[in-house]
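Next come the chains, spelled out residue by residue.
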Amino acid sequence: MASIYELNKNYQEVAALLETAETEEELQALNDTLKMLDCSIEEKVENTAKYIKNVESDIEGIKVEINRLTTLKKQKERNTEWLKTNIEYALKTKGIEKLEVGTFKCGYRKSESVEVDDLNAIPSDYTKTEIKADKTAIKKALKAGEEINGVHIQTNMNFYIK
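What you see is a predicted model; the values in this text were computed from it and never measured. (Residues numbered from 1 in each chain as written. Predicted model: local features only at pLDDT ≥ 70, side-chain atom pairs only at ≥ 80, totals over all residues. Heavy atoms only, no water.)

Some points on the overall build of the chain
At step 1: The number of helices and strands found in the chain is 4 helices and 2 strands.
At step 2: In summary, the chain has a C-alpha radius of gyration of 29 Å against a globular reference of 15 Å for 162 residues, an excess of more than 25%.
At step 3: C-alpha extents for the chain along the principal axes are approximately 80 × 60 × 30 Å.
At step 4: The contacts in the chain between residues at least 6 apart in sequence include a share of 45% that link residues at least 24 apart.
At step 5: Split by element, the accessible area of the chain, about 15400 Å² in all, is 54% carbon and sulfur.
At step 6: Positive and negative charge centroids in the chain, built from 25 and 30 side chains respectively, lie 7 Å apart. (Helix = DSSP H or I, 4+ residues; strand = E, 2+ residues; numbered from the N terminus. Rg over C-alpha atoms; globule rule 2.2 N^0.38 Å. Contact = heavy atoms within 4.5 Å. Areas by Shrake-Rupley, 256 points an atom, 1.4 Å probe, with all protein chains shown as cover. Lys, Arg positive; Asp, Glu negative; His and termini not counted. Charge placed at Lys NZ, Arg CZ, Asp CG, Glu CD.)

See the structure below:
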């Protein structure tokens, strides 16, 4: 993909290697190469940040393509379902339950599923309960001075590049 920031020559070579690195050993070799580059920490950080921005730009392009392909996939799924419904309707109107045409067979087969009429009437042995912490409410209560057993607020240091 196109680069939005220009890297110096050494970093261009490292970036090209990083694009093809697959194993942990290859990534470690790249890390060692970065450590050996003869430049200041400022230059290393600047070039690394440029590379990160280039990759983030690539990621955005990939996200757009994923969305386009997902939309196309959904459209094709809808079209196939419509065609299946069309075949089913044609068979029903002709009173045909099974049909073999060339290498294809179509028809109906029996299956079973459980339908729940009244969830409250089901014995507890046959239900699932998921307990999940409401972290937003907990954090708000802790910030307000309330004491809650089993939780605490942890301060994190989140790295950023702008």
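What about helix H1 (residues 9-20)?
Counting along an α-helix, one turn takes 3.6 residues, and residues three or four places apart therefore face a common direction.
At step 1: Helix length check: H1 (12 residues) gives 18 Å between terminal C-alpha atoms against 16 Å at 1.5 Å per residue, within 8%.
At step 2: The complete set of buried residues in H1 reads Tyr 11, Val 14 and Ala 15. With its buried residues spanning 105 degrees around the axis, H1 presents them on a single face. Those residues of H1 that are exposed and angled more than 90 degrees off the buried face are Lys 9 and Thr 20. (Expected span 1.5 Å × (residues − 1). Buried < 20%, exposed > 50% of the residue type's maximum accessible area, 1.4 Å probe, protein only. Arc of directions from axis to C-beta.)

Quick look at a negative patch on the surface
At step 1: A cluster of acidic side chains, namely Glu 22, Glu 24, Glu 25 and Glu 26, defines a negative patch on the protein surface.
At step 2: Note that Glu 24 resides in helix H2 (residues 24-36).
At step 3: For Glu 24, a relative accessible area of 59% puts it in the exposed group. (Patch = residues over 30% accessible without salt bridge, like charges linked within 9 Å, V, L, I, M, F, W, Y side chains within 5 Å. Salt bridge = Lys/Arg side-chain N within 4 Å of Asp/Glu carboxyl O.)

A few points about a nonpolar patch on the surface
At step 1: The grouping of Val 114, Val 116 and Leu 119 at the surface amounts to a nonpolar patch, some 340 Å² of accessible area in total.
At step 2: Relative to the assigned elements, Val 114 resides in the loop between strand E2 (104-107) and helix H4 (135-143).

A look at the pairing of strand E1 (residues 98-101)
At step 1: Pairing of E1 with E2, which is carried by 4 bridges, proceeds in the antiparallel orientation. Bridging from a neighbouring strand, Leu 99 pairs with Cys 106 of E2. (Pairing = 2+ DSSP bridges.)

Quick word on the pattern of salt bridges
At step 1: By the definition in use, this model includes 7 salt bridges.
At step 2: Note that Arg 68 is salt-bridged to Glu 65, the shortest N-O span being 2.6 Å. Within this pair, Arg 68 and its partner Glu 65 are both found in helix H3 (residues 41-94), separated by 3 residues, close to a single helical turn.
At step 3: We note a salt bridge from Glu 88 to Lys 92, for which the minimum N-O separation is 3.7 Å. Linking Glu 88 with Lys 92, this pair stays in helix H3, spanning 4 residues, or about one helical turn.
At step 4: Take Glu 88: its relative accessible area is 32%, and that puts it in the partly exposed class.
At step 5: On the accessibility criterion, Lys 92 (56% relative accessible area) is exposed.

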